[in-house]
Amino acid sequence: MPLTSLLAAAAVAVSMPSEVHIAYGDEVSEMVVAWASSIPEKDGYVRFAKQNGSQPPTSCSSFQLAPQASQLAMNTSADRTTYLYHTVLGGLDPSSTYYYCVGFTEDVLTDPVPFKTRSSSPESTRVMIFGDTGNNHYWSTGTVPTIRKEVENGTVTAVVHTGDFAYYAKDNDGKQGDIHAQEISNLTGSGMVPFMAVPGNAEVFCYRPPGIPLWAQCMEDYQMRFIMPGYEKTHSLWSSFDLGYAHYVLLDSEALLWCGASQSQADQLVFLKNDLEAAQKRRADIPWIFAVVHRPLYSSYNSTGEQLAMRDGFAELLEEYKVDIVFSGHVHSYERTYPVTGNYTITSNATVDEQPNNHYRNPKYPVHIITGAAGNGESIDRFSTYNWTFSAFQSIDIGYSRLTVANKTHLELDFFSITENEVIDYVVIEKDL
C-alpha cells in the first residue's frame, strides 16, 4: 500500500478526544480526567507531569502515563452510541501546576493543557456557579466565551453547575448532549479548571425502547459524562468536596421529587447527615459550608408546592448544621434571598433574619441563591408580583454567579449579567468564628 494510503488509514483509525474536562477526585491529591468519542476506541490514555520551569511544554511525549482509562458505552438511540472515558490522576502535589494530554494511543494525544491542584491548607478561591444551560445563543455566544475568558485570565478556581444540561441531552439521537458537553469543555478552557455538577430534572433520561414507564428512566447521560467524588458509591448523584476555606455538598433534588425515588432519598439523607457532621467537626479550619441542589427551597417564582417539598426534604439538616449558602437553579432567572427559614404561603411569610441588603453579618439562617439564568433552550421565568419578604434581589437577565471566599470570615458573591455586561448584584457575608 502506498505511504499516503497508509497515512490516510492511520488517520481514520485514530480519532481525537472531544468533550475533555476535569473534576476533583476523592482525595486532594487526585484529579479526574474525562472525555468522549463517537468511535469505540479500545483504549484511552492520559499522560501528565508537574510543571518544570517557566515555559509551558509543547508535547506530552515524556510525561508519566496515567492508569488505563475506564470506558462507558452510552446508547443514545437505537443505532447511536457515545463512548465516554475517564481516569484518575493520583499522587499530585498540592498547590501545583500540572499539564496533561488525552488520546486513544500512547503517542497520538491532544496538546498539553494545564490545571492547578488544590492546596493542602485553606486558601482564597473564586468559583463560577450557574445552571440551566444549553441550546440557546445566549449560552453559546454569551456565557460560554465570557467565563472562558475569566478562566484563561487565571481568575477562576473551579466551575459548579446547578443542574439541567443541554435542553435536552437526548435530543437529535443524543447529539445535543454531545454538543453541550463540548461547550462545557470550551467554557473550562478545554479542561483547565474543574467542572463540578449536580443533576437536574432535565437529566432524567436514558434511552429505552417504547413502552417503558417514566419512573424507570434514569440519569445515564449525566452520570456517564460527569464523574464526581465518590462516584463508585453514588454515581455522581450526590457528593462533596473541600475547596479552600469551604466545604461543598452536592445534592440530587430528583431523588426527592421523582416517583419511585423514596429509597434513593433515604440513602441521600444518610449521606447528607454524615457529611455535614464530618464537616462541622472541621469547621475551625474550613468554616464555610455550601449546598448545591437543582431545585430551590425558596423562590419568588410560582412553584411554592415544589419548594415546600424541597424544604421538607432538606431544610432541617441544612439549618441544623448551619449551612451558609444554598445554590440552586431550575428557575430560569436570578434571585438572592435574605437569610431565611420556615414555610410560607400567600398569606404568611417565612422567617427572615433582617440584615442590610448587601451585607449580611453572622446570618442566623442559610442564604439561598437561585442562579438558573445562564442561557437555556426554553425561556426566562418571570417572578410572582407578590412581595415576598425573603427576597432581597431579583433579575431576569442572562448571567452567572461568582463566589469569592477570601478567608475564614469573609466572602463576596456577585451576579454578572451577560445582558448588561456588568455586575448587577453584590453581597458580602461575614461571620465571627
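Residues numbered from 1 in each chain as written. Predicted model: local features only at pLDDT ≥ 70, side-chain atom pairs only at ≥ 80, totals over all residues. Heavy atoms only, no water.

## Here we look at the overall build of the protein
Short version of the rule: Starting at the N terminus, helices and strands are each numbered in turn, a helix being any DSSP run of H or I of at least four residues and a strand any DSSP run of E of at least two. We compute the radius of gyration from the C-alpha atoms alone; for a globule the expected value is 2.2 Å times N to the 0.38, where N is the number of residues. Using a 1.4 Å probe on the protein chains alone, a residue whose accessible area is under 20% of its type maximum counts as buried, one over 50% counts as exposed, and one in between counts as partly exposed. To measure how exposed things are, a 1.4 Å probe is used in the Shrake-Rupley method; for residues, cover is taken only from the protein chains shown. Neither His nor the chain ends contribute to the count of charged residues, in which Lys and Arg are positive and Asp and Glu negative. Where a charge lies is defined by one atom per residue type, namely NZ (Lys), CZ (Arg), CG (Asp) and CD (Glu).
The secondary structure content of the protein amounts to 8 helices and 24 strands. In terms of C-alpha radius of gyration, the protein reaches 22 Å, essentially the compact-globule figure of 22 Å for 433 residues. Dimensions of the protein along its principal axes, counting C-alpha atoms only, are 80 × 55 × 45 Å. The buried share of the protein, reckoned over its 433 residues, is 55%. For the protein, the accessible surface area stands at approximately 17,800 Å², while carbon and sulfur atoms represent 51% of it. Averaging the positions of the 28 positive and the 50 negative side-chain charges in the protein gives two centres separated by 4 Å.

## Notes on the nonpolar core
Under the convention used in this document: By nonpolar core we mean a set of buried residues, namely Ala, Val, Leu, Ile, Met, Phe, Trp, Tyr and Cys, connected to one another through side-chain atoms within 4.5 Å.
Among the nonpolar cores identified, the biggest contains 79 residues, and Trp35, Tyr100, Phe130, Phe290, Ile325, Phe327 and Leu403 are the most heavily contacted of them. Counting residues in each nonpolar core, the second largest holds 22 residues, with Val249, Ile289, Ala315 and Ala350 among its members.

## Description of unusual backbone geometry
Most peptide bonds are trans, and most residues other than glycine sit at a negative phi. The linkage connecting Tyr167 with the following residue, Tyr168, adopts the cis geometry, with an omega of -5°. With respect to the helices and strands, Tyr168 occurs in the loop between strand S10 (158-161) and helix H3 (175-187). In this structure, Asn135 takes a positive phi of about 55° despite not being glycine. Inspection of the secondary structure assignment puts Asn135 in the loop between strand S9 (125-130) and helix H2 (137-152). For Ser190, which is not a glycine, the phi torsion comes out positive at approximately 60°. Position of Ser190 relative to the elements: it lies in the loop between H3 and strand S11 (195-197).

## Some thoughts on the sheet that holds strand S15 (residues 325-328)
Definition in use: We call two strands paired when DSSP finds no fewer than two bridges between them. Interaxial angles span 0 to 180 degrees and are taken between N-to-C directions of axes, which are lines fitted to C-alpha atoms, for helices over the stretch in contact.
Pairing is mixed in the open sheet, where 7 strands are placed in the order S12-S13-S14-S15-S20-S16-S21. Each end of this open sheet is capped by a strand with a single partner; those strands are strand S12 (239-243) and strand S21 (391-395). The sheet shows a mean angle of 15° between the axes of neighbouring strands, taken without regard to direction. Looking at chain direction, strand S14 (residues 288-292) and S15 are connected through 3 bridges and run parallel. Paired with Ala291 across the bridge in S15 is Val326.

## Considering the pairing of strand S16 (residues 334-337)
Residues Tyr334 and Arg336 point to one face of S16 and Glu335 and Thr337 to the other, with burial holding for every one of them. Where S16 lies against strand S20 (residues 367-371), 3 bridges are found, and the strand directions are antiparallel. Bridging from a neighbouring strand, Tyr334 pairs with Thr371 of S20. Judged from the 4 bridges that link them, S16 and S21 form a sheet pairing that is antiparallel. Paired with Arg336 across the strands is Phe393, a residue of S21.

## Digging into the side chain of Arg402
Short version of the rule: Within 3.5 Å is the distance limit for a polar contact, defined as a pair of N or O atoms, with the added protein rule that one can donate a hydrogen and the other accept it, and that residues adjacent in sequence qualify only through two side-chain atoms.
Within the secondary structure, Arg402 sits in strand S22 (residues 399-405). On the basis of relative accessibility, which here comes to 12%, the residue Arg402 falls in the buried class. Only 3.1 Å separates the side chain of Arg402 from the side chain of Glu150, close enough to count as a polar contact.

## Description of the confidence of the model for the protein
Where we set the bar: Confidence of the predictor at the level of single residues is given by pLDDT, which spans 0 to 100. We call two residues contacting when some pair of their heavy atoms lies within 4.5 Å.
The pLDDT averaged across the protein works out to 89; a share of 91% of its residues lies at or above 70. For the stretch residues 1-13, pLDDT sits under 50, and the model shows 2 contacts to residues farther than four places along the chain or on other chains. Confidence drops under a pLDDT of 50 for residues 211-216, and excluding neighbours within four residues, the segment shows 3 contacts in the predicted structure.

## A short note on the sheet that holds strand S5 (residues 70-77)
Adjacent strands of a sheet pair through backbone hydrogen bonds, lying either parallel or antiparallel. Spatial strand order, S1-S2-S6-S5: 4 strands in an open sheet with antiparallel pairing. The open sheet has two free edges, formed respectively by strand S1 (18-24) and S5, since each of these has just one partner strand. Averaged over all neighbouring strand pairs, the angle between strand axes comes to 20°, with direction disregarded. Inspection of the sheet shows strand S2 (residues 31-37) paired to strand S6 (residues 80-89) by 7 bridges, in the antiparallel sense. Within the sheet, the bridge partner assigned to Trp35 lies in S6 and is Tyr85.

## Some words on the packing of aromatic side chains
Cut-off, in case you're wondering: The pairing test for Phe, Tyr and Trp rings, Trp by its six-membered ring, is centres within 6.5 Å, and the orientation test on the planes gives stacked under 30 degrees, edge-to-face over 60, and tilted for anything in between.
Summed over the entire model, instances satisfying the criterion amount to 22 aromatic pairs. Where Tyr98 meets Phe115, the ring centres are 5.9 Å apart and the plane angle is 10°; that geometry is what we call stacked. One end of the pair, Tyr98, is in strand S7 (residues 97-103); the other, Phe115, is in strand S8 (residues 113-116), with 17 residues separating them in the sequence. The pair formed by Tyr98 and Phe115 is uniform in burial state, with each residue classed as buried. For the ring pair Tyr222 and Phe226, a centre distance of 5.9 Å and an interplane angle of 45° mean the geometry is tilted. Ring pairs connect the aromatic residues Tyr24, Phe241, Tyr248, Trp288, Phe290 and Phe327, which therefore count as one cluster.

## Structural notes on the pairing of S14
In terms of residue burial, S14 counts as a mostly covered element, since 5 of its 5 residues are buried. Alternating positions in S14 separate into two faces, Trp288, Phe290 and Val292 on one and Ile289 and Ala291 on the other, with burial throughout. As paired elements, strand S13 (residues 246-250) and S14 share 5 bridges and run parallel to each other. Paired with Val249 across the bridge in S14 is Ala291.

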